[in-house]
Amino acid sequence: MKYYSLNGKASEVNFRNALIKGLAEDKGLYFPKSIQKLPEEFIENIHSFTEQEIAFTIIKQFIGDEIPDSVLKQIIEETLNFDFPFVDIEENIKTLELFHGPTMAFKDVGARFMARCLGYFNKDNNQEVTVLVATSGDTGGAVASGFLGVKNVKVVILYPSQKVSEVQEKQLTTLCKNIYALEVEGTFDDCQAMVKKAFLDDSITSIKQLTSANSINIARWLPQIFYFFFAFKALKGNNKKVVFSVPSGNFGNICAGLMAKKLGLPIHQFIASTNANDIIPKFIQTGDYHPLPSVQTISNAMDVGDPSNFIRIQKIYNNDFDALKKDLLSYSFTDDETRRAMLHLYKNCNYISDPHGAVGYLGLKKYEIHNDTIGIFLETAHPVKFLDVVEPIINKSIEYPEQIQSVMTETKVATFIHSYDELKSFLLNN
Ligand SMILES: *Cc1c(COP(=O)(O)O)cnc(C)c1O
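My aim in this report is to walk through the structure given alongside it, one point at a time.

1. With respect to the overall build of the protein chain
A tally of helices and strands in the protein chain yields 20 helices and 14 strands. Its C-alpha atoms give the protein chain a radius of gyration of 21 Å, near enough to 22 Å, the size a compact globule of 430 residues would have. By its C-alpha atoms, the protein chain is 60 × 50 × 40 Å across when sized along the principal axes. By residue count, 57% of the 430 residues in the protein chain fall in the buried class. Considering only residue pairs separated by 6 or more positions, the protein chain has 75% of its internal contacts joining residues 24 or more positions apart. Between the centroid of the 43 positive side chains of the protein chain and the centroid of its 51 negative side chains there is a distance of 4 Å.

2. A short note on helix 16 (residues 335-349)
It helps to recall that an α-helix has 3.6 residues per turn; residues three or four apart then point in one direction. Here helix 16 is 15 residues long and its end C-alpha atoms lie 20 Å apart, about the 21 Å a rise of 1.5 Å per residue gives. Of all the positions in helix 16, only Thr338, Ala341, Met342, Leu345 and Cys349 are classed as buried. Buried residues along helix 16 cover an arc of 100° about the axis, so they all sit on one side. Within helix 16, the exposed residues directed more than 90 degrees away from the buried face are Arg340, Lys347 and Asn348. Close packing links the buried residues of helix 16 with strand 4 (86-90), helix 17 (355-367) and helix 18 (387-394). After helix 16 finishes, the residue Asn350 shows a positive phi value of roughly 55°.

3. Looking at the sheet that holds strand 2 (residues 13-14)
On the basis of which strands lie adjacent, the open sheet formed by three strands has the order 2-1-3 and antiparallel pairing. Of all strands in the sheet, those with a lone pairing partner are strand 2 and strand 3 (30-32), marking the two edges. Both strand 1 (residues 2-5) and strand 2 contribute to a ladder of two bridges, which runs antiparallel. Paired with Lys2 across the strands is Asn14, a residue of strand 2.

4. A few points about the packing of helix 16 against helix 17
Packing of helix 16 against helix 17 brings their axes to within 9 Å, and their N-to-C directions diverge by 90°. By the criterion of interaxial angle, the relationship of helix 16 to helix 17 is roughly perpendicular. Between helix 16 and helix 17, the residues in contact are Glu337, Thr338, Ala341, Met342, His344 and Leu345 and Pro355, Ala358, Val359, Tyr361 and Leu362, respectively. Residue classes in the contact of helix 16 with helix 17 are distributed as eight nonpolar, two polar and one charged.

5. A short note on empty space enclosed by the protein
By the definition in use, this model includes one cavity of 30 Å³ or more. Volume-wise, the largest cavity comes out at about 40 Å³. Around the largest cavity, the lining residues are Ser248, Gly249, Phe251, Thr274, Asn277, Ile279, Ile280, Met302, Val304 and Pro307. The residue makeup of the lining of the largest cavity, split by class, is six nonpolar, four polar and no charged.

6. Things to note about the site of the ligand
Lining the immediate environment of the ligand, one finds 15 residues, of which Lys107, Asp138, Gly249, Asn250 and Thr380 sit closest. In the environment of the ligand, an oxygen atom lies 3.2 Å from a nitrogen or oxygen atom belonging to the backbone of Gly252. One of the side-chain nitrogen or oxygen atoms of Thr380 is found 2.8 Å away from a nitrogen atom of the ligand. In the complex, 97% of the free accessible area of the ligand, which totals 390 Å², lies under the protein chains. Each residue belonging to the shell around the ligand can be placed in one class, and the counts come to six nonpolar, seven polar and two charged.

7. Let's talk about the packing of helix 6 (residues 138-147) against helix 7 (residues 166-173)
For the pair helix 6 and helix 7, interaxial distance at closest approach is 8 Å and the crossing angle is 30°. Relative to helix 7, the element helix 6 lies roughly parallel. The way helix 6 lies across helix 7 gives a crossing that is left-handed. Contacts between helix 6 and helix 7 involve Asp138, Gly140, Gly141 and Ala144 from the first element and Gln168, Gln171 and Leu172 from the second. Of the residues belonging to the contact of helix 6 with helix 7, the class tally is two nonpolar, four polar and one charged.

8. What to know about the side chain of Thr373
You can see Thr373 is positioned in strand 13 (residues 373-379). Engagement of the side chain of Thr373 in a polar contact is seen with the side chain of Asp372, the distance being 2.8 Å. Sequence-distant contacts of Thr373, that is, excluding residues within four places in its chain, are made with Asn92, Lys240, Lys241 and Val243.

9. Here's the deal with the pairing of strand 6 (residues 129-134)
Extensive coverage of strand 6 is indicated by the burial of six of its six residues. With burial as the criterion, each face of strand 6 is covered, one bearing Val129, Val131 and Val133 and the other bearing Thr130, Leu132 and Ala134. In this structure, strand 6 lies alongside strand 7 (residues 153-160), joined through six bridges in parallel fashion. Across the sheet, Val133 pairs through a bridge with Ile157, a residue of strand 7.

10. Considering unusual backbone geometry
Even without a glycine there, the phi angle at Asn319 is positive, about 60°. One non-glycine residue, Asn350, lies in the positive phi region at around 55°. Mapped onto the secondary structure, Asn350 falls in the loop between helix 16 and helix 17.

How each quantity is defined
Residues numbered from 1 in each chain as written. Predicted model: local features only at pLDDT ≥ 70, side-chain atom pairs only at ≥ 80, totals over all residues. Heavy atoms only, no water. Helix = DSSP H or I, 4+ residues; strand = E, 2+ residues; numbered from the N terminus. Rg over C-alpha atoms; globule rule 2.2 N^0.38 Å. Buried < 20%, exposed > 50% of the residue type's maximum accessible area, 1.4 Å probe, protein only. Contact = heavy atoms within 4.5 Å. Lys, Arg positive; Asp, Glu negative; His and termini not counted. Charge placed at Lys NZ, Arg CZ, Asp CG, Glu CD. Expected span 1.5 Å × (residues − 1). Arc of directions from axis to C-beta. Pairing = 2+ DSSP bridges. Axes fitted to C-alpha atoms, helices over the stretch in contact; angles between N-to-C directions. Parallel < 35°, antiparallel > 145°, perpendicular 65-115°, else oblique. Nonpolar A, V, L, I, M, F, W, Y, C, P; charged D, E, K, R; others polar. 1 Å grid on protein atoms, 1.4 Å probe; cavity = no way out; pocket = protein on both sides within 12 Å on 5 of 7 lines; lining within 4 Å. Points joined across faces, edges and corners; volume = space filled by probe spheres on them. Near = heavy atom within 4 Å. Polar contact = N/O pair within 3.5 Å; in protein donor to acceptor, adjacent residues only side chain to side chain. Areas by Shrake-Rupley, 256 points an atom, 1.4 Å probe, with all protein chains shown as cover. Left-handed = near helix turned anticlockwise from the far one by under 90°.

Put into structure tokens, the structure is as follows:
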């Protein structure tokens, strides 16, 4: 499969190079050159396929012959070694829990898939690749865990000091081996700015091969299509219309859902639910796209003021605003509404949600799910990852699941940096 840059000024690349480059030279996001609908029989008979078979059928066209089928199947098997269960919330409302992976956030799916593809492409390459990534929390943990032990790959993660949760910090800083954590004095935006600068710095890139693993990488984006199909399979025999509400920040997850629809999955409606960062809800309302600096909220993995993946969504609809508006609604919710939703879910539905999932739930409530419809909100992280937000709201302490318990007793290892020059010397000397 060939990929082209959505900025239109860079040459086409194959899957391997789109993965390794992350972003095209003209700073555009890569997009597949063609998208083939899946056969109707496949979707009608989806219940007769295993999750692994479904994933293989979906992803195959986006990779072509660049990874042998047997290897690709193995990569899928290893990526999907956890469940995606439904939990009933209210009549006609369910949540699809995407957090049963090793770092308990949905980003595990994309990170594990990308890491294994890179490991395959890199197996005969003796030059080490450095994956450089900035994180506000969940990305770093998922990337660290996904890339742990991958041959010839070194991972350097920048995170803002004292601005990630305790669980998130442990997940970033305790794995060691080929994973290096840099604790940055500053904000997430400072981390991101340093990473961007490094990618453009010839004095680094002439010596080190740098790759990004952020959510715009096609190898992180595309595998997120899988679980929309899994959900459809699990609804077996249900003739109701299906509505997904996706808590959205950089809009990669919902963009994968819209791709699932483009591949033929009969989803009636998508709702992009956001926090106070309401660029897309405003866009859907007015047609005007106005990026803004992000504002801080309690669902901080969605604090994005200029969602990177939105341009891909527009491409899926060939920039036809009216067609897009039919499939995609978008609503914004305040922190107070989110807190009330979390308390309601706990008291009335016996469900502890994290703040991001609660925003997703609010999207369904605003849409109003009638009896001919089934509403599904994605629960994108386990509540334990946002303990300091969740516990005071429900007034109850949450137990650490096994995955988290083991990491909490490990010792943090991080290098404190204050400036770009310190990042640069770290990259050149390690
Ligand atoms: C990253 C993240 C999101 C936002 O996903 P996008 O694909 O960027 O829209 C939502 N919830 C959680 C918990 C996340 O970590």
